[in-house]
Amino acid sequence: MKIINSRIPLLQQYLVLFFLTIFCNCESQNELKQTEDHLASRALVTDLIDAYMELPSTPLGMSVAIGINDSITFAEGFGFSNVENKEKVTTKTQFRAASVSKIITATVFAKLIEDKQLSLDDYVHKYIPTYAQKAYPITIKQLSGHLSGVPHYSYQDKREKRYYSSVEDAMNVFSHIQLLHEPGAQYKYSTHGYTLLSRVLEKASNKSFLDLVNETICKPLSMNATGPHMISNPPEDMTQLYGFQKNVGYVKIMAPEDPSYKWAGGGLVSTPSDLVKMANGYTNGFIRKDIVDTMFRTQTLSSGKETGVGVGWRQNWDIDNREVYEHAGSMEGTRTVISLFPKDKLSIAIMFNAYGVWRIEETAHMLALPFLTQPSPKPQPKGSAKLNVTENRNGKSILKKGDLLLDGENDRLILDTGTEKEVSYKLKYMQRDNTYALLHPHGILYTEISFDSDIITGKTMYYESPNISKPSKKQPLFIFKGNFKKEN
């Protein structure tokens with residue numbers, strides 16, 4: 001392309017070239033800085049996960065993917081998908097999605113609404129007249145937000161140890177049970193409710209649920225690793241499933257449950273990369289914005305009280321009050337989460353091959369943090385402190401003594417020092433102001449440590465979802481204070 005016109009006087013040509021050079025250099029410098037920050041963020045996330053995987057309570061295999069602006073910017077596997085065969089987790093390793101299956105189902109639901117094949121306010125009996133023989137009519141929206149009164153797992157279930165060949169067949173597990181309450185009166189989480197929802201989707205589209213998942217979202221979004229967990233014919237890249245036994249550790253699950261009775265609510269398999277592709281569909285136009293807003297908007301009880309749950313998605317915020325919508329899952333042989341920061345167009349998915357990691361939502365938020373913020377490191381002093389610690393547990397405050405050790409490489413918070421109850425938590429500096437990550441058996445927790453002369457104060461947060469109020473306003477797990485003695 002010809003940039004400079006020969007008719008422009010020579011001096012003006014030089015000036016144009018001068019400013020173009022400056023502009024191009026600035027562009028190159030900005031791109032270089034962005035690349036450096038991105039690589040630093042990747043390194044920090046990898047370091048955090050590597051350290052977390054060293055804990056004896058962490059499941060044997062883990063996979064993480066992070067998406068920004070409709071692309072996957074981070075995807076890595078950690079640990080083993082099969083310890084016995086020394087097979088490592090890769091980005092292709094598939095995991096049980098558990099209740100994150102509900103978000104896959106909700107996304108199919110969103111596309112059917114967009115195509116005007118059904119409406120949120122339709123009643124279930126419009127599509128399944130036989131199920132409507134209950135005390136009250138149920139809307140599809142109530143099903144999607146756990147307000148229907150349809151029970152969760154219970155002793156009344158007629159669940160058999162076999163393969164359920166269809167959603168209609170799976171309905172026999174719970175359809176004989178009466179509603180727990182009038183629809184809209186209470187929030188009661190229900191996986192069976194999503195089985196019923198998937199039957200509604202089938203009737204509205206005249207397609208099987210598994211075909212709907214494949215045709216509606218998997219093919220368009222290239223989610224090639226997502227589908228049903230067929231126990232008798234598992235996917236080629238499926239991880240081995242593990243369970244934790246006290247005094248033994250993680251052991252192979254020899255006869256895992258057949259999840260065919262709950263495809264829509266907890267029976268699918270996927271990868272973090274596939275889940276991120278799905279979440280990206282909520283910000284890249286794959287789903288119309290007005291429908292996205294409806295999916296995220298919290299539903300309310302008939303009393304007017306908000307539940308914090310929209311159409312499948314749960315409302316939350318991270319510790320810096322960024323809006324996030326997410327859903328976690330747990331079942332035999334897995335722990336999962338998908339979190340979406342819509343304003344930042346960032347999504348993160350985490351999958352483990354064993355049950356555990358109770359604070360997986362906050363773990364996702366902490367691993368997303370390096371990609372949500374620019375580095376802002378402050379010099380962190382080296383030394384130690386004797387601490388007074390308040391631990392808030394189950395609504396009770398427990399006073400403890402502890403120690404803080406900071407050396408820049410093996411930072412630690414120690415509670416009940418010198419007693420048989422002593423526990424040591426590793427800390428990792430996040431290169432952002434006074435923010436640390438505390439590696440807890442339940443997850444990677446936000447920790448803040450502040451220095452004022454010789455006084456050190458800090459807190460460690462502990463939260464999950466859904467939330468009606470921002471977690472930053474909640475009671476910390478640990479609050480600590482002490483005199484800091486710097487190293488000479």
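Above this text sits the structure in question.
Residues numbered from 1 in each chain as written. Predicted model: local features only at pLDDT ≥ 70, side-chain atom pairs only at ≥ 80, totals over all residues. Heavy atoms only, no water.

### With respect to the sheet that holds strand β19 (residues 435-440)
Ordered in space as β14-β15-β16-β17-β19-β20-β21-β22, the eight strands form a closed barrel in which the pairing is antiparallel. Between one strand axis and the next, the sheet turns through 30 degrees on average, direction left out of account. Note that strand β17 (residues 423-429) and β19 share four bridges and pair antiparallel. Across the sheet, the residue bridging to Leu 427 is Leu 438, located in β19. Against the sheet, helix α10 (residues 360-372) makes contact with β19 and β20 (443-452), and its axis sits at roughly 60 degrees relative to β20, the strand it touches most. (Pairing = 2+ DSSP bridges. Helix = DSSP H or I, 4+ residues; strand = E, 2+ residues; numbered from the N terminus. Axes fitted to C-alpha atoms, helices over the stretch in contact; angles between N-to-C directions. Contact = heavy atoms within 4.5 Å.)

### Structural notes on helix α9 (residues 289-296)
All of the buried residues in α9 are Ile 291, Val 292, Met 295 and Phe 296. Down the axis of α9, the smallest arc covering the buried residues is 135 degrees, so these residues share one side. Tucked into the core, α9 has its buried residues touching α2 (101-114), β10 (323-331) and β11 (334-341). (Buried < 20%, exposed > 50% of the residue type's maximum accessible area, 1.4 Å probe, protein only. Arc of directions from axis to C-beta.)

### A word on the packing of aromatic side chains
With the rule as written, the count across this model stands at 12 aromatic pairs. Judged by centre distance (5.1 Å) and plane angle (50 degrees), the ring pair of Tyr 429 and Tyr 436 falls under tilted. Relative to Phe 484, the ring of Phe 451 lies with its centre 5.5 Å away and its plane at 70 degrees, an arrangement referred to as edge-to-face. Residue Phe 451 is found in strand β20, and its partner Phe 484 is found in strand β22 (residues 478-486); the two are separated by 33 residues along the sequence. A relative accessible area of 25% means that Phe 451 is categorised as partly exposed. (Phe/Tyr/Trp six-rings, centres within 6.5 Å; stacked < 30°, edge-to-face > 60°.)

### Thoughts on the nonpolar core
Residues Phe 109, Leu 118, Tyr 131, Leu 196, Ile 217 and Trp 313 are the most contacted members of the largest nonpolar core, which totals 66 residues. When residues of this core are assigned to their parent elements, the largest contribution, eight residues, is made by α2. Dropping the residues within four chain positions of it, Phe 109 is found in contact with Leu 118, Leu 120, Ile 140, Ser 144, Leu 197, Leu 201 and Val 311. In this structure, Ile 66, Leu 346, Val 357 and Leu 369 belong to the second largest nonpolar core, which totals 37 residues. (Core = buried A, V, L, I, M, F, W, Y, C linked by side-chain atoms within 4.5 Å.)

### Some points on the sheet that holds strand β5 (residues 227-228)
Read across the open sheet, the three strands follow the order β4-β8-β5; overall the sheet is antiparallel. In this open sheet, the two edge strands, each paired with only one partner strand, are β4 (95-96) and β5.

### Quick look at the packing of α2 against helix α6 (residues 209-218)
Between α2 and α6, whose axes approach to 10 Å, the crossing angle comes to 70 degrees. Classified by the angle between their axes, α2 and α6 sit roughly perpendicular to one another. Of the residues in α6, those in contact with Ile 104, Thr 105, Thr 107, Val 108, Lys 111 and Leu 112 of α2 are Phe 209, Leu 212, Val 213, Thr 216 and Ile 217. Its residues placed into classes, the contact of α2 with α6 shows seven nonpolar, three polar and one charged. (Parallel < 35°, antiparallel > 145°, perpendicular 65-115°, else oblique. Nonpolar A, V, L, I, M, F, W, Y, C, P; charged D, E, K, R; others polar.)

### Considering the pattern of salt bridges
Counted according to the given criterion, the structure contains 22 salt bridges. Where Glu 257 meets Lys 262, a salt bridge forms, and the shortest distance between an N and an O atom there is 3.6 Å. The exposure class of Glu 257 is partly exposed, given its relative accessible area of 23%. Residue classification places Lys 262 among the buried residues on the basis of a relative accessible area of 4%. In this structure, the salt-bridge partner of Lys 289 is Asp 293, at a minimum N-O distance of 3.0 Å. Linking Lys 289 with Asp 293, this pair stays in helix α9, spanning four residues, or about one helical turn. The class for Asp 293 is partly exposed, based on a relative accessible area of 31%. Overlapping salt bridges bring together Glu 391, Arg 393, Lys 400 and Asp 416 as one network. (Salt bridge = Lys/Arg side-chain N within 4 Å of Asp/Glu carboxyl O.)

### Looking at the packing of α2 against helix α5 (residues 191-205)
In helix packing, the relevant descriptors are the interaxial angle and the interaxial distance, both defined with respect to the helix axes. Between α2 and α5, the least distance of the axes is 11 Å, while the angle of their chain directions is 30 degrees. Classified by the angle their axes make, α2 and α5 are roughly parallel. By crossing handedness, the relation of α2 to α5 is classed as left-handed. From α2, Lys 102, Thr 105, Val 108, Phe 109 and Leu 112 reach across to α5, where they touch Thr 191, Tyr 194, Leu 197, Leu 201 and Ser 205. For the contact of α2 with α5, a count of residues per class yields six nonpolar, three polar and one charged. (Left-handed = near helix turned anticlockwise from the far one by under 90°.)

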